[in-house]
Amino acid sequence: MSQLTQKEACCGCGACAQVCVKNCITMKADEEGFRYPSVDMQQCVNCGLCERVCPILNKPETEAPSQVSAYAAYTNEEAIREASSSGGIFTLLAEAVLSRQGVVFGAAFDEKFDVHHVMVDRLEDLWRLRGSKYVQSRIGDTYRQAKEQLESGRPVLFSGVACQIAGLKNFLGKNYSKLYTVDVLCHGVPSPRAWNKYKQAQETAVDSEIQSIFFRSKVAGWKKFSMVLEFQNGGQYCELLSEDAFMKWFLRDICLRPSCHSCRFKSLPYPADITLGDAWGIDRLMPDMDDDRGTSVVLVNTEKGSTLWAKIQDRMVVRQGDVEQLLAPNGAAKKSVKAHPKRKAFFTAMNNGATADQLTRMVRVPLVRRVLSFGKRCVKKILKI
Ligand SMILES: Cc1cc2nc3c(=O)[nH]c(=O)nc-3n(C[C@H](O)[C@H](O)[C@H](O)COP(=O)(O)OP(=O)(O)OC[C@H]3O[C@@H](n4cnc5c(N)ncnc54)[C@H](O)[C@@H]3O)c2cc1C
Ligand code: SF4
Ligand code: SF4
Ligand code: SF4
């Protein structure tokens with residue numbers, strides 16, 4: 001079991017805990033708020049199953065790999081697009097499966113706005129999975145639930161970050177013809193404890209509980225998206241990603257899971273049948289596919305992915321492109337991000353009661369660097385003219 005508990009590598013997918021027939025693995029949060037397996041050695045019968053399903057120790061193969069094809073796309077249904085992070089393609093794929101008596105798994109908020117994986121089997125509940133939640137989602141026993149559904153013959157769409165899909169595939173251990181998987185291009189997942197700190201600070205600031213959260217509001221456009229919170233007293237908070245404290249913590253890499261800094265799932269083909277992301281840079285690559293209301297980059301990685309993709313063609317605007325060109329502006333698509341130099345200090349300060357403002361000061365970019373990077377941008381612009 002020693003390999004299983006190596007923290008740097010463990011992505012927290014929970015496959016080991018769900019496969020253990022003795023139920024002797026519990027996923028426990030550490031001082032940073034990330035969950036890791038903890039084994040009750042008294043109950044363990046040393047069967048080795050947990051090691052066999054670990055996607056870090058045994059990377060699953062992509063099913064019937066085909067040539068990966070890449071697209072820029074967005075739904076032609078404005079309400080879905082507005083409520084989604086990029087082009088709303090996830091909703092179309094999910095609806096295609098639900099309309100065939102299938103079920104869909106993905107990340108949803110609970111009543112405290114913690115993030116969990118859940119199963120949805122009705123169209124009217126699909127909104128719960130829509131939209132990115134930039135916090136590590138607790139997988140719970142959803143691999144077991146997905147297996148139950150597949151064994152009963154129902155189509156299943158399972159969505160999540162790449163390591164969660166890899167964990168699911170190893171957990172299932174066989175290729176179910178009715179299983180479809182979707183992963184997202186993944187920058188990394190922030191700490192649930194840092195997320196709690198942020199929520200508490202927001203509630204304290206307005207003296208009211210949170211009623212709704214949307215990480216990817218497009219009020220100021222898709223490229224400069226905004227974090228929006230609504231409170232029970234009627235108050236509202238709306239801040240651009242460049243100004244919001246949590247988005248700064250996330251995107252300056254100060255509170256990501258350690259495994260995200262050496263992610264094993266950043267090479268093509270990605271583990272899922274279909275991969276979704278933001279089509280950053282589309283304004284330069286395919287200007288007519290950009291109206292700043294959200295465009296997705298879609299990678300179709302397998303034959304099964306092609307079958308599902310074909311079912312939603314009449315509900316979107318789509319253009320095929322070159323995989324490398326479409327992924328190039330997406331920094332995290334192929335390379336893990338480096339941890340912020342103050343990552344450790346951030347968690348120590350957080351656990352010692354630092355305020356959200358004090359934590360945000362730790363990611364402030366020094367004036368000299370800001371001036372230099374502004375200068376670089378100006379020079380680049382001039383050279384382009
Ligand atoms: C943690 C995280 C990091 C990401 N990093 C990048 C990136 O660096 N570059 C990029 O181009 N795109 C990234 N994305 C993907 C992007 O934010 C959109 O999710 C994607 O473009 C799909 O958008 P959509 O409009 O099709 O669907 P949406 O409806 O916006 O997306 C919903 C899908 O996201 C899944 N999801 C939401 N939150 C989580 C979560 N916490 N854990 C697992 N799955 C979740 C849902 O299960 C569902 O499948 C990231 C997403 C997440 C969750
Ligand atoms: S070796 Fe078997 S019994 Fe022991 S923790 Fe792993 S899966 Fe459970
Ligand atoms: S199966 Fe997942 S949670 Fe368990 S040790 Fe491996 S990576 Fe960690
Ligand atoms: S960066 Fe890699 S390890 Fe981290 S959540 Fe994303 S897929 Fe998993």
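**Q** Describe helix α5 (residues 142-151), listing the residues and the values that go with them.
**A** Taken together, the buried positions of α5 are occupied by Thr142, Tyr143, Ala146, Lys147 and Gln149. Buried residues in α5, looked at end-on, bunch into an arc of 165°, giving them a common side. Structural note: α5 exposes Arg144 and Glu151 on the side pointing more than 90 degrees away from its buried face. Those residues of α5 hidden inside the fold are in contact with α1 (15-19), β4 (103-109), β5 (115-120), β6 (156-161) and α6 (162-172). Gly153 occupies a position one or two residues after α5 and carries a positive phi of about 95°.

**Q** So what's going on with the site of ligand 4? Which residues, and what values?
**A** By nearness alone, every residue bordering ligand 4 is listed as Cys11, Val161, Ala162, Cys163, Cys186, Gly188, Val189, Arg257, Ser259, Cys260, Cys263 and Phe265. Tallied by class, the residues present in the shell around ligand 4 amount to nine nonpolar, two polar and one charged.

**Q** Residue-level account of the domain arrangement of the protein, with values.
**A** For the protein, the assigned domains read domain 1 (65-189 + 256-327) and domain 2 (192-255 + 336-364). Centre-to-centre, using C-alpha coordinates, domain 1 lies 24 Å away from domain 2.

**Q** Describe α6, with residues and values.
**A** With respect to burial, α6 is a largely interior element, 11 of its 11 residues being buried. Here α6 has its buried residues at Ala162, Cys163, Gln164, Ile165, Ala166, Gly167, Leu168, Lys169, Asn170, Phe171 and Leu172. Just past α6, the residue Gly173 takes up positive phi, approximately 70°.

**Q** So what about the site of ligand 2? Which residues, and what values?
**A** In the vicinity of ligand 2, the contacting residues are Cys20, Lys22, Cys24, Ile25, Val39, Cys44, Val45, Asn46, Cys47, Gly48, Leu49 and Cys50. For the shell around ligand 2, the class distribution of residues is nine nonpolar, two polar and one charged.

**Q** I'd love a proper account of the packing of α5 against α6, names of residues and values included.
**A** Between α5 and α6, the least distance of the axes is 10 Å, while the angle of their chain directions is 55°. When the interaxial angle is binned, α5 and α6 end up oblique. In terms of crossing hand, the pair formed by α5 and α6 is right-handed. Taken together, the residues of α6 that come into contact with α5 (itself represented by Tyr143, Ala146 and Lys147) are Gly167, Leu168, Phe171 and Leu172. Residue classes in the contact of α5 with α6 are distributed as five nonpolar, one polar and one charged.

About the cut-offs
Residues numbered from 1 in each chain as written. Chains lettered and ligands numbered in written order. Predicted model: local features only at pLDDT ≥ 70, side-chain atom pairs only at ≥ 80, totals over all residues. Buried ≥ 20, exposed ≤ 12 C-beta atoms within 10 Å, placed from the backbone. Helix = DSSP H or I, 4+ residues; strand = E, 2+ residues; numbered from the N terminus. Arc of directions from axis to C-beta. Contact = placed C-beta atoms within 7 Å. Near = placed C-beta within 6 Å. Nonpolar A, V, L, I, M, F, W, Y, C, P; charged D, E, K, R; others polar. Domains from an automatic or database assignment. Axes fitted to C-alpha atoms, helices over the stretch in contact; angles between N-to-C directions. Parallel < 35°, antiparallel > 145°, perpendicular 65-115°, else oblique. Left-handed = near helix turned anticlockwise from the far one by under 90°.

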